[in-house]
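Examining the three-dimensional arrangement
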Amino acid sequence: MNNQEKINQLISKREEAALGGGQKRIDSQHKKGKYTARERIEMVLDEGSFEEFDMFVQHRSTNLGIDKQHFLGDGVVTGHGTIDGRVVFIYAQDFTIFGGSLSETFANKICKVMDLAMKVGAPIIGINDSGGARIQEGVNSLAGYAEIFQRNIMASGVIPQISAIFGPCAGGAVYSPALTDVVIMSNETSYMFVTGPKVVKTVTGEVISTEELGGASVHATKSGVAHFRADDEDEGILLIRKTLEYLPQNNLEDPIQTECNDPIDRLDDILNSIIPENATEAYDVKDVIYTIVDNQEFLEFQRHYAKNIVTGYAKFDGMPVGIVANQPNYLAGVLDVDASRKAARFVRFCDAFNVPVLTLVDVPGFMPGSRQEHNGIITHGAKLLFAYGEATVPKITITLRKSYGGAHDVMSSKQLRGDLNYAWPTAEIAVMGPKGAVEVLEARSVSGMSIEEATKYIAEKEKEYTEKFANPYEAARYGYIDDVIEPRNTRFRIIRGLKTLSTKKDTNPPKKHSNIPL
Ligand code: HXC
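Below is a short write-up of the structure. What you see is a predicted model; the values in this text were computed from it and never measured.

Attention now moves to the environment of Gln257. Locating Gln257 in the fold gives a position in the loop between α10 (233–245) and α11 (285–292). Gln257 sits 207 residues away from Phe50 along the chain, and the two C-alpha atoms are 25 Å apart. Every residue in contact with Gln257, bar those within four places of it in the chain, is listed here: Asp317, Gly318 and Met319. Among the polar contacts made by the side chain of Gln257, one reaches the main-chain carbonyl oxygen of Asp317 at a distance of 2.9 Å.

Following this line, the structure appears as structure tokens:
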């Protein structure tokens, strides 16, 4: 072979690798409304930035006749490229080769890019579309998964890890995405479960469809496994790119401040009247969020799960900030098991990657009842408490209305190292609401009164209690609130606060790791 022939051989090998499992299987993938692994990577990355690794890798198995079948690349496309000019590492499972199933060499390819991502300090993106462990590979496949899991664990809190599920993801394979920071699922074309419908039927007798068991809707609304349910792969790919905009390359860097054309000192008069005069009336806290953030842009995490708390990313004067807000529009914004878990994980995600946390408080307390108690609201509530108390990023808290009882302490209070704690004049910071307090305190006084007398007496006492306690000034009197601010000035106060806190340094005592109540 002369040199030109050698070059031609390279070109034809590249062309062969680019075809994955062949045109027929590519067509079948497209027919299902799915892109191929390479198409997905091209769409995620900046145009022309992808450099592929290990395109000539082939499996080494000889079991069950698989040695007669070889495909260049062995079912996963790996490499690196850029997103908005910043380096990322990426892998995409190729369903056209052995159904994207994982072999020893397949796992090695993924581990190689994960290792390099860690050394370079750059995010890793994994796109899942796979039949799971490659049956012919036996235990080598299990070992391969475990190699990936171990790397996911080591990378946690060091580099951002993003998973997209654009097809099957079943069995133990689900645990790699579950260990990462963000899980994005495409609607109706993806599913995740530990055991599929057939096994479920055999073991428990339950008859359930794939979609009902582990489709994107289920994981976005019920289990909370997915952070985003994308309408389709195109939206899923945009979400990968968008999420990284708010994150630094690694835990030693700060998120990037971008240019902002939204005035920092605009007055949002609408906020002065957003809180209803009637304290039991609801409003949408997302109206507050969209009003105060840059250009009304808010990337909401877990939008359909535990809707009583809102979490997501936005920018203030171009600075990325994580927002946690109680949602009075749903279950009165109460803290329950799911809301506590959702917010705790989000706060820790922000803290791991140096993203300041803004907390908007309107919380009547923890959800009462045997269901919550038996489901462990004590432990789960403690997670959120722990996450806030442990976080060392700048923490700004604004109490919009209610902040009662234990929930007051939990929601980034001053004593959990809240840096700037502001309240609107409509804030009610107290041990409990007026009704509950009067019921406890006055039970003895009303015994023996007629119903009319008791009603009048209770109403007077509630008024007295409201005037004394249901306001921000009791907390401000002790310095638990740094200032009571006019609602329309909120955006400016947050931005000034973030600037002031931008050089904040805080640490936790040296330890192997904490023992967060999991
Ligand atoms: C080897 C596999 C495979 C697998 C699919 N294929 N899964 N090859 N090992 N696990 C091959 C098929 O033989 C087929 O090859 C091609 O991929 C496409 O598969 P189809 O079945 O034709 O596709 P589709 O009808 O879309 O069904 C997709 C599927 C199904 C639902 C994923 O293939 C399936 O149920 N696969 C088995 C899933 C499974 O049980 N995996 C093991 C889970 S246990 P040809 O040559 O015809 O194109 C596990 C443990 C992990 O993963 C533990 C980690 C700790």
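Resuming the write-up.
Looking now at the nonpolar core. In terms of nonpolar packing, the biggest core is built from 54 residues, with Val44, Ile125, Tyr313, Val324, Leu335, Leu384 and Met411 touching the most fellow members. Here this core gets seven residues from one element, more than from any other, and that element is helix α12 (residues 337–352). Counting residues in hydrophobic clusters, the runner-up holds 30 residues, among them Val285, Val293, Met319 and Ala325.

Let's shift gears to the packing of aromatic side chains. Remark: the centre distance and the inter-plane angle together describe each pair of aromatic rings, the angle taken between the planes. For the structure on display, the rule yields 14 aromatic pairs. Measuring from ring centre to ring centre gives 5.2 Å for Tyr313 and Phe346, while their planes differ by 45 degrees; the resulting arrangement is tilted. In this pair, Tyr313 is assigned in strand β11 (residues 309–316) and Phe346 in helix α12, connecting sequence segments 33 residues apart. Put simply, the rings of Phe228, Tyr246, Phe301, Tyr313, Phe346, Phe349 and Phe353 touch in pairs and so form one group of aromatic residues. Over the aromatic face of Phe469 sits the side chain of Lys468, whose NZ or CZ is 5.8 Å from the ring centroid. The side chain of Arg493 reaches across the aromatic face of Tyr422, ending 4.9 Å from its centre.

Once that is clear, we can look at the pattern of salt bridges. For the coordinates displayed, the defined rule picks out 34 salt bridges. Its salt-bridge partner being Asp269, residue Arg488 comes within 3.0 Å of it at the nearest N-O pair. Of this pair, Arg488 sits in the loop between β17 (483–484) and α19 (490–501) while Asp269 sits in the loop between α10 and α11; the two residues are 219 residues apart in sequence, bridging distant segments of the chain. Arg488 is paired through a salt bridge with Glu486; the nearest N and O atoms lie 2.9 Å apart. For Glu486, a relative accessible area of 40% corresponds to the partly exposed category.

So, on to the site of the ligand. Arg25, Gly99, Gly131, Ala133 and Ile135 are the nearest of the 18 residues found near the ligand. Measuring from an oxygen atom of the ligand, one finds a backbone N or O atom of Gly99 at 2.9 Å. Note that a nitrogen atom of the ligand is positioned 2.6 Å from one of the backbone N or O atoms of Gly131. Taking 1000 Å² as the accessible area of the ligand by itself, protein coverage stands at 53%. Examining the composition of the shell around the ligand, we find that three residues originate from one element, helix α5 (residues 139–155), more than from any other. Classifying every residue of the shell around the ligand by side-chain character gives nine nonpolar, six polar and three charged.

Conventions we followed
- Residues numbered from 1 in each chain as written.
- Predicted model: local features only at pLDDT ≥ 70, side-chain atom pairs only at ≥ 80, totals over all residues.
- Heavy atoms only, no water.
- Helix = DSSP H or I, 4+ residues; strand = E, 2+ residues; numbered from the N terminus.
- Contact = heavy atoms within 4.5 Å.
- Polar contact = N/O pair within 3.5 Å; in protein donor to acceptor, adjacent residues only side chain to side chain.
- Core = buried A, V, L, I, M, F, W, Y, C linked by side-chain atoms within 4.5 Å.
- Buried < 20%, exposed > 50% of the residue type's maximum accessible area, 1.4 Å probe, protein only.
- Phe/Tyr/Trp six-rings, centres within 6.5 Å; stacked < 30°, edge-to-face > 60°.
- Lys NZ or Arg CZ within 6 Å of the ring centre and 35° of its normal.
- Salt bridge = Lys/Arg side-chain N within 4 Å of Asp/Glu carboxyl O.
- Near = heavy atom within 4 Å.
- Areas by Shrake-Rupley, 256 points an atom, 1.4 Å probe, with all protein chains shown as cover.
- Nonpolar A, V, L, I, M, F, W, Y, C, P; charged D, E, K, R; others polar.

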